[in-house]
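The residues making up each chain are set out below.
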Amino acid sequence: MITPALVLSAIIFVLGTFGVLVRRNAIIMFLCIELQLNAVNLAFVAFSRMVGIEGQVFVFFVMTVAAAEAAVGLAIIISIFRHYETVNVNNFNLLKW
Amino acid sequence: MIDILFYIFAAVAVGGALGVVLAKSPVGSLLFMVTTLASLAGTFVLLEAHFLAAIQIIVYAGAIMVLFLFVIMLLNLGHDYQRDLRGGAYAILSFVVVGLMAGLLARQIGISGGFEPGEEAAAIDAALLEHGVVGAIAQPLYTTYVVPFEITGILLLVAIVGAIVLAKRNVNP
């Protein structure tokens with residue numbers, strides 16, 4: 001049961017990375033980062049069957065950090081949208097060369 | 001039986017993840033994400049993490065995804081149906097990166113071989129029986145990891161203040 005869970009975790013993490021790389025919509029890139037966090041959570045839970053209950057405690061902390069990150073990230077997206085009227089990352093060129 | 005359930009949940013989770021990456025509209029993407037989160041909660045139950053499965057549904061699918069949906073509707077992006085996938089050299093580069101990563105992960109899982117539940121799995125099951133589903137995770141959380149737990153509270157406070165300051169319309173000097 002642990003090995004299939006780790007394989008599933010790897011597949012979801014890779015899909016999340018792919019989403020961050022190919023999408024241009026900032027909100028969907030953010031959603032794909034959440035997907036990566038969930039893949040890591042699944043790996044933690046699978047390893048907790050080998051290492052102990054600490055894996056589940058860490059997942060609890062990861063979820064808290066994800067909630068905080070979602071709140072701050074979405075606030076940043078709102079304030080960027082006010083300025084540019086879009087969430088397409090192609091239009092954010094202040095730091096591009 | 002449990003194996004069959006696991007593979008059903010895994011298939012739904014991978015399908016949902018593909019949907020998140022490929023869906024045209026942001027709202028569709030978000031609903032696929034909720035599907036993935038729910039089936040991951042199912043796999044958590046199969047791995048004896050019942051409390052985390054409940055938290056996954058309540059906090060992730062319930063609170064965080066609703067926050068995303070709220071922002072999408074607030075910014076009126078629900079009708080954004082145009083393809084926004086990057087093309088050309090960038091897409092090829094991301095395929096290379098993703099393929100490299102998948103190869104490394106597959107190699108590592110292949111090398112490490114079959115992972116078997118150790119004696120810690122039996123300890124978790126005993127703790128679940130003795131303290132209950134919540135007590136089994138609360139026991140280490142409030143003893144060994146009490147300082148990180150308190151710091152988590154500070155982090156949430158900072159995040160609330162930061163979100164309000166960032167999203168506020170006009171900060172008058």
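Look up a bit, the structure's there.
Residues numbered from 1 in each chain as written. Chains lettered and ligands numbered in written order. Predicted model: local features only at pLDDT ≥ 70, side-chain atom pairs only at ≥ 80, totals over all residues.

A.B. asks: Provide a residue-level description of the overall build of chain A, including the pertinent values.
C.D. replies: Across its full length, chain A carries three helices and zero strands. Secondary structure elements of chain A occur, N-terminal to C-terminal, as α-α-α. For 97 residues, the compact-globule estimate of 2.2 N^0.38 gives 13 Å, and the C-alpha radius of gyration of chain A, at 16 Å, exceeds that figure by more than 25%. The C-alpha extent of chain A, read off along each of the three principal axes, is 50 × 25 × 20 Å. Per-residue burial over chain A gives 49% buried out of 97 residues. (Helix = DSSP H or I, 4+ residues; strand = E, 2+ residues; numbered from the N terminus. Rg over C-alpha atoms; globule rule 2.2 N^0.38 Å. Buried ≥ 20, exposed ≤ 12 C-beta atoms within 10 Å, placed from the backbone.)

A.B. asks: How would you sum up the environment of Ile2(A)? Please name residues and give values.
C.D. replies: Along the polypeptide, Ile2(A) turns up in helix α1 (residues 2–22). Residue Ile2(A) is classed as buried on the basis of its 20 C-beta neighbours within 10 Å. C-alpha separation for the pair Ile2(A) and Leu42(A), spaced 40 residues apart in sequence, amounts to 10 Å. The residues contacting Ile2(A), other than those within four sequence positions of it, are Ala46(A), Arg49(A), Met50(A), Phe115(B) and Pro117(B). (Contact = placed C-beta atoms within 7 Å.)

A.B. asks: Quick rundown of helix α5 (residues 119–142) of chain B? Include the residues and the values.
C.D. replies: Between its terminal C-alpha atoms α5(B) stretches only 23 Å, short of the 34 Å expected from 24 residues at 1.5 Å a residue. His131(B) marks the point of greatest bend in α5(B), at about 115 degrees. Taken as a whole, α5(B) has its buried residues at Ile124(B), Ala136(B) and Ile137(B). In the core, the buried residues of α5(B) are packed alongside α2 (26–51) and α3 (54–84) of chain A together with α3 (50–74) of chain B. (Expected span 1.5 Å × (residues − 1). Bend = angle between axes of the 7 residues up to and from the residue.)

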